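Fold and geometry: a report
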Amino acid sequence: MGRILQAFTPYLRGQRPLIGGSLLALFAATGLRLLEPWPLKFVFDSLFSSAQPLPGGSDPFTILIYAVLALVGITAMRAMADYLNTVGFARIGNRVTGQIRTDLYSHMQRLSLSFHTKARSGDLVIRLMSDVNMLRDVAVTALLPLLANVLVLVGMWAVMFWMNWQLAALALATTPLFWVFAHHLSGKVRQAARKQRQREGKLAASAAESVGAIRFIQTFALEHVFVRQFAERTNKSQHEDMVGSRMTARLERSVDILLAIATALVLWHGARLALAGALTPGDLLVFITYLRRAFNPVQDFAKYTGRLAKASAAAERVLDVLERQPDVRDKPHAEPAPPLRGAVSFEGVSFSYDGKTPTLQQMSFNVQPGERVALVGPSGHGKTTLAALLLRLYDPTEGRVTIDGRDIRRYTLQSLRGQMSVVMQESFLLAASVRENIAYGALHASPAAIEAAARMAQAHEFISALPNGYDSEIGERGATLSGGQRQRIAVARAAVRNAPILIFDEPTSGLDEANEQAVLAGLESLARGRTTFWITHDLRAAARADRVFYIEHGQLLEQGTHQQLLGRGGRYAALFRQQSSGEREEEQHALVA
Ligand code: ADP
């Protein structure tokens, strides 16, 4: 709880005037609530005992009129004050949680890939949306009424003790019992709430994944399997919710009983005092009203334990993300990178994803500005990881990566990545227009620059043929385009960025021959004059590079031109022989067919 308060109080600072105003309204409402039963007292006393000295003359009708007017007046003012503080606190709640949500989102965006590869996107969305909403709802609808009621409570007990301390003490006698119940149950409620929030996160994560995989699910006719799984998980989450609700209901009902006992005690003893003349009937009425009201916060506490528990579980989940430091972040004295020439060096770079198995080992090389390097080798041996280190998606465990002779960790991430363009095997397109998707490469690109990039990527023709040209909307992840078209948009996006350093990660695999040729032509013209790292399985593409790096087990085993490596007769030459014999066989098969 301390951690939660500490983390979220800074958000309240900017809201001071509104908090001040709302608190003022709250105090006013509290004071007026304390006054509310008093007109009744005077009416009752004037009815039941004419012996009592009465204010405002002794005419009972005058008193009745004053009392009735006071009753309406006090209640109206109290209603006004309550309205103001409810609205005020709701506004504070909205502003604060809006801020928290924006901060959480921007923090998620900055967290490193090492976090995101482990986190589940659906769970993160639940944290961002429903956990933050839960915080707001509870802060506004549970925490504040509780605060208000505690104020009322203090005021009422003070008046009750002032009126008759023995009776007040009698009324208080049952409260320790409440704390025993509450203490016993609220721990369990909190545990159930935490579990329920976690389950909800998991449920959303698997729902998001299965919706994303709908094509696969339908192709394999697995709908019923996923529906069953989903139903089972929903049931479990509901079960946890029910555990919480049952505990809360139990707590609420025990408060009802405690309240009845306290009322009975006060009624019994108070009536005897009234009969003995030590108390007026009106006093007893005020007392009983106060007693019921004084138990309000206790009742609220019981009613809201479940919600408070859920909110604290939600707050913990929000903080878990907010308090996580990105592994890769700007160093304290990082500077924006100047326009880079593109001389890239790895100096004894080693890297491991899990801190145990080495993925890259002691890798060293120098690449000249404008040089094209093909990265070749078996799958899963570290080529993509090399590119990720160059982009500074991860930092090396050992050694350093330099560009133009300076460690890339001395540059700000934004300025470093801003000078690199990437085309991946599966290019990421968002549900937006073609133009916007290309412009993600360079946010302020002019329409002319976008078109020029599309022409270079051999994409202009098919884009112009779309119903709305560059303004055609493409579905989520580019669902409405073919693989080759998506890839050409990705090349255009890389081109519009006009970056000195390029990274291509198997951009043509999975494409048919015609599309492959179009994408290749785009990539070739883009790569001219820029430092290019081209990860490929196609050794014909490798042959056109200035230099080939052969990578196996995270080590740079061979480097040189295609011809040099063939002449050396090592691993690369063996791979080349294997691939060309495979192709010859295919050609022969084709001829025979
Ligand atoms: P390549 O590009 O040569 O196919 P990668 O660089 O993608 O190889 O992967 C190298 C090794 O690192 C593989 O064994 C892979 O399983 C592992 N790896 C890749 N990405 C991650 C990750 N995010 N977390 C943990 N291990 C990873």
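Right, let's walk through the structure included here. Quick caveat: nothing in here was measured; it's all calculated off a predicted structure.

Time to look at the nonpolar core. Counting 37 residues, the largest nonpolar core has Trp157, Met160, Leu167, Val266, Phe287, Tyr290 and Leu291 as the members making the most contacts within it. Going through the elements one at a time, helix 6 (121–163), helix 7 (165–172), helix 8 (175–212), helix 10 (223–275), helix 11 (281–294) and helix 12 (296–322) are the ones with two or more residues in this core. With eight residues, the top contributor of residues to this core is helix 10. Setting aside chain neighbours within four positions, we find Leu167 in contact with Val266, His269, Gly270, Leu273, Leu279, Leu284 and Phe287.

What follows concerns unusual backbone geometry. Even without a glycine there, the phi angle at Gln362 is positive, about 45°. Position of Gln362 relative to the elements: it lies in strand 2 (residues 360–367). Phi angles above zero are rare outside glycine, and Arg392 is one such case at about 55°. Within the secondary structure, Arg392 sits in the loop between helix 13 (383–390) and strand 4 (398–403).

The local shell around the ligand consists of Thr117, Tyr353, Thr359, Pro378, Ser379, Gly380, His381, Gly382, Lys383, Thr384, Thr385 and Tyr394. In this structure, His381 approaches the ligand through a main-chain N or O atom, which is 3.1 Å from an oxygen atom. Between Thr384 and the ligand, the recorded distance is 2.6 Å, taken from a side-chain N or O atom to an oxygen atom. Relative to its unbound accessible surface of 560 Å², the ligand loses 59% to contact with the protein.

Reading across from one edge, 2-1-4-5 is the order of the four strands in this open sheet, with antiparallel pairing throughout. Either end of the sheet is taken by a strand with one partner, and the two such strands are strand 2 and strand 5 (406–407). The pairing of strand 1 (residues 344–351) with strand 2 spans five bridges and is antiparallel. By the bridge assignment, Val349 is partnered in strand 2 with Met363. Contacting strand 1, strand 2 and strand 4, helix 13 crosses the sheet at an angle of about 115° to strand 1.

Our focus in this paragraph is the packing of aromatic side chains. All chains considered together, the criterion is met by nine aromatic pairs. Relative to Tyr394, the ring of Tyr353 lies with its centre 5.2 Å away and its plane at 90°, an arrangement referred to as edge-to-face. On the criterion of sequence distance, the pair formed by Tyr353 in the loop between strand 1 and strand 2 and Tyr394 in the loop between helix 13 and strand 4 is long-range, its members being 41 residues apart. Assessed through its relative accessible area of 46%, Tyr353 is described here as partly exposed. Look at Phe365 and Phe549: their rings are 4.9 Å apart centre to centre, the planes differ by 55°, and that puts the pair in the tilted class. Remark: Phe549 occurs in strand 9 (residues 547–552) and Phe365 occurs in strand 2; sequence separation between them is 184 residues. Taken together, the aromatic side chains of Phe346, Phe365, Phe533 and Phe549 make up a single cluster linked through ring pairs. Positioned over the ring face of Trp268 is Arg272, at 4.8 Å from the centre of the ring.

Residues Glu583, Glu585, Glu586 and Glu587 make up a contiguous surface patch of negative charge. Relative to the assigned elements, Glu586 resides in helix 22 (residues 571–592).

Tracing the chain through its elements places Ser345 in strand 1. Here Asn366 takes part through its side chain, which lies 2.6 Å from a polar atom of the side chain of Ser345.

Residues of helix 3 (residues 38–48) that are buried include every one of Trp38, Pro39, Lys41, Val43, Asp45 and Ser46, and no others. Contacts made by the buried residues of helix 3 are with helix 2 (16–35), helix 4 (60–110), helix 6 and helix 11.

Criteria and thresholds
Residues numbered from 1 in each chain as written. Predicted model: local features only at pLDDT ≥ 70, side-chain atom pairs only at ≥ 80, totals over all residues. Heavy atoms only, no water. Core = buried A, V, L, I, M, F, W, Y, C linked by side-chain atoms within 4.5 Å. Buried < 20%, exposed > 50% of the residue type's maximum accessible area, 1.4 Å probe, protein only. Helix = DSSP H or I, 4+ residues; strand = E, 2+ residues; numbered from the N terminus. Contact = heavy atoms within 4.5 Å. Near = heavy atom within 4 Å. Polar contact = N/O pair within 3.5 Å; in protein donor to acceptor, adjacent residues only side chain to side chain. Areas by Shrake-Rupley, 256 points an atom, 1.4 Å probe, with all protein chains shown as cover. Pairing = 2+ DSSP bridges. Axes fitted to C-alpha atoms, helices over the stretch in contact; angles between N-to-C directions. Phe/Tyr/Trp six-rings, centres within 6.5 Å; stacked < 30°, edge-to-face > 60°. Lys NZ or Arg CZ within 6 Å of the ring centre and 35° of its normal. Patch = residues over 30% accessible without salt bridge, like charges linked within 9 Å, V, L, I, M, F, W, Y side chains within 5 Å. Salt bridge = Lys/Arg side-chain N within 4 Å of Asp/Glu carboxyl O. Lys, Arg positive; Asp, Glu negative; His and termini not counted. Charge placed at Lys NZ, Arg CZ, Asp CG, Glu CD.

All quantities given are derived from atomic positions and should not be read as evidence of function.
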